[in-house]
Amino acid sequence: MALPFFKSAEIEPPADVEAATLRSDRFRLEREVDWQRLDQIVTALEKGRPKRISDEDLLELPVLYRKTASSLSVARETSLDAATLSYLEALVRRAWFQIYGPRIGLFGWLRRFFMGGWSTSVREIWLDICISFAVMVAGTLVGWLLVARDKEWFYSLVPGEMAGGRVPGADRAVLEESLAQHDNAEGLSVFAAYLFSNNTGVTIMAFALGFAFGIPTLLLLLYNTALLGAMLWVFADAGLGLDFVGWLSVHGTTELGAIMLGGAAGLHVGRTMAFPGERSILAAMRDAGVRAAQVMAGCTIMLIVAGLLEGYVRQLVGDTNSRLAIGGGMLLFWIIYFAFVRRPPEHEA
Amino acid sequence: MSAAINMMRGEPGKRDRMLVTPEGVALPLTVGSRGNRAGALLLDMTFIVIGVIVFFMILGAVGFGLFDLAGTENVNPVLELLFVVIILFLFLARYGYFLFFELGPRAATPGKRLLGLRVAARDGGRLTAEMVIARNLVRDVEVFIPGFFLLGGGEQAGVAGLTAFVWLAIFVLFPFFNKDALRAGDLVAGTWVVEAQSAKLKEAMSLAPDRSTEYRFGEDELSIYGEHELQVLENVLRQDQPEALRDVADAITNKIGWQLGRGDEREFLEAFYAALRGHLESGMRFGKRKRDKHS
């Protein structure tokens, strides 16, 4: 219960309606109290203190809003009082912002996001995910085939500092060492957090590049997976193919999944830009952008998980079969999550 | 007086838009100016930087001894945890700050709020959380990546650097190439940034004592002026500055050929205002509007 004397203290009683000589001023004085009430409710909402509003006021909010909006329409046609008109315009605008403002805060949104908002958006861009997946597979194949035909390709594909000894014809022991586990987790959490920061940048890049009709996104995906294909060939050549896949799969199923989704989100925006369908390009882009944003927010979370797996689990689990099991398990988890988690029924009208 | 005229309503400027709410009420909105928006961004960045500095100072005060341990043989687990917390905090400062405030009831970051701006949906519908997320994800390409790029001297990296520079410049300069000052994030999210002022309800004008018996104005005298002049007069009366009152009273009496004693200006203007507004409003009720004295 709000304290009643607070309310009456703030709203000034209107001057005597009969004292006004002009008809439009009498119109205003008769409705002034309603406007002030709406003003108070809106102010409380703006300050983020909806508890200050009494139940009675809250129930009447829609009525007050419509009354005030209709007062504005009437006043525009009958009154020349500029101050009243601008007050009403500002008030209706503020009330409109509140009534059509964001309904849920950051935490409410997060809850809805995990309970189905994310997976729904992912399902909605299935076509782009297929394209993105196909491009990544093609990229890996291209990388593999190029290096298989001519080893020189490896050096043009993979930047020197990244290869770090993992080059064609390298000693098997060197390659094995790079896949090996480390004895303890010291310093790994910092490494994981760093990886996460870095990978998020790449994924957001893939999304943002979607702007140019998605072509830069495709190129980025193609290049990064060609690199993967080239690396894969090097290890397979040394007879370590399965070990490499295991080493990569621990975090790779999650991380490559995130990059695939980020690329798909970028493609979705780019594709909508090129083929907006029957809607205006701006309207189509808005729908696509909102959908893509959900997917992207999810990618960030996948990358956190990938960073943790890469930083901790991969270095602590050395056995190829266990690594494959962890990687496969993560993949299964993501597929089930995206395919089967449904959005809960909307509570909002 | 010219300032008063500039404050007048009803003259659509370059940044004024009409938005129709779902109830069918046309609401005037003013698109936030590019200068204000850049200012708001700078303010927000300042707040973030201050926040980060304060955060590090608190860390420094709490764990002053921790850094001495960095040199020892084993990596200190507490120090390690600290690094993780720092990296996550920086991540949150980069993304969480804008999201948290723009998802609040004012749909504006502190910087926007200080400059009287807020985010709104372009189509007059509801501003959804997804829209806010979308516009802030793209902010990364528009603000942070160009910032890091320039700080890191990326523009000196040959052809690739130049391409990246041009590409990023397109994003940064996007707001200058459309009339609504939309940045790429606004375009994708379907939002725009508008001015959001509030106004106080001022006194009703015709509550002053009725002087229609002392000052009688004829049809000819009232039909000289239109709505524009009426609202300028309203402004002058509300501001109540003696010199302005005298000037306006002189101008009106000259026009209608009256003589006015010193000290009667306010009374006269109130009476003239009431009569003129009554005259114009009764015309309005019959569908006749007179914009200004020229029409």
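See the structure printed just above.
Structural notes, computed from the coordinates. (Residues numbered from 1 in each chain as written. Chains lettered and ligands numbered in written order. Predicted model: local features only at pLDDT ≥ 70, side-chain atom pairs only at ≥ 80, totals over all residues.)

Points about the overall build of chain B
Line of reasoning, step 1. A count of helices and strands for chain B gives eleven helices and four strands.
Line of reasoning, step 2. Among the 295 residues that make up chain B, the fraction classed as buried is 29%.
Line of reasoning, step 3. Considering only contacts in chain B between residues 6 or more positions apart, those separated by 24 or more positions represent 66%. (Helix = DSSP H or I, 4+ residues; strand = E, 2+ residues; numbered from the N terminus. Buried ≥ 20, exposed ≤ 12 C-beta atoms within 10 Å, placed from the backbone. Contact = placed C-beta atoms within 7 Å.)

A word on the interface of chain B and chain A
Line of reasoning, step 1. Each partner contributes to the interface: chain B provides 64 residues, whereas chain A provides 65 residues.
Line of reasoning, step 2. Secondary structure elements with two or more residues in the side of chain B that touches chain A: β2 (26-30), α3 (77-102), β3 (117-121), α5 (129-151), α7 (184-189), α9 (227-239) and α11 (265-285) of chain B.
Line of reasoning, step 3. Of the residues that constitute the side of chain B that touches chain A, the class distribution is 38 nonpolar, ten polar and 16 charged. (Nonpolar A, V, L, I, M, F, W, Y, C, P; charged D, E, K, R; others polar.)

Points about the pairing of strand β1 (residues 16-20) of chain B
Residue and element names in this part refer to chain B.
Line of reasoning, step 1. Counting buried positions along β1 yields zero of five residues, so the element is predominantly exposed.
Line of reasoning, step 2. Across five bridges, β1 lies against β2 in antiparallel orientation. Along β2, the bridge assignment pairs M18 with P28.
Line of reasoning, step 3. Following β1, the chain reverses through five residues before pairing antiparallel with β2; G24 in that reversal takes a positive phi of roughly 90°. (Pairing = 2+ DSSP bridges.)

So, α5 of chain B
A turn of α-helix holds 3.6 residues, and therefore any two residues three or four places apart point the same way.
Line of reasoning, step 1. The end-to-end C-alpha distance of α5 of chain B is 32 Å, a good match for the 33 Å that 23 residues give at a rise of 1.5 Å each.
Line of reasoning, step 2. Where α5 of chain B bends most, at R139 of chain B, the angle is about 35°. (Expected span 1.5 Å × (residues − 1). Bend = angle between axes of the 7 residues up to and from the residue.)

Here's the deal with the environment of G13 of chain B
All names here are of chain B.
Line of reasoning, step 1. Checked against the element boundaries, G13 lands in the loop between α1 (2-6) and β1.
Line of reasoning, step 2. Residue classification places G13 among the exposed positions, given that 8 C-beta atoms sit within 10 Å.
Line of reasoning, step 3. Taking the C-alpha atoms as reference points, G13 and T30, separated by 17 residues in sequence, lie 8.7 Å from one another.

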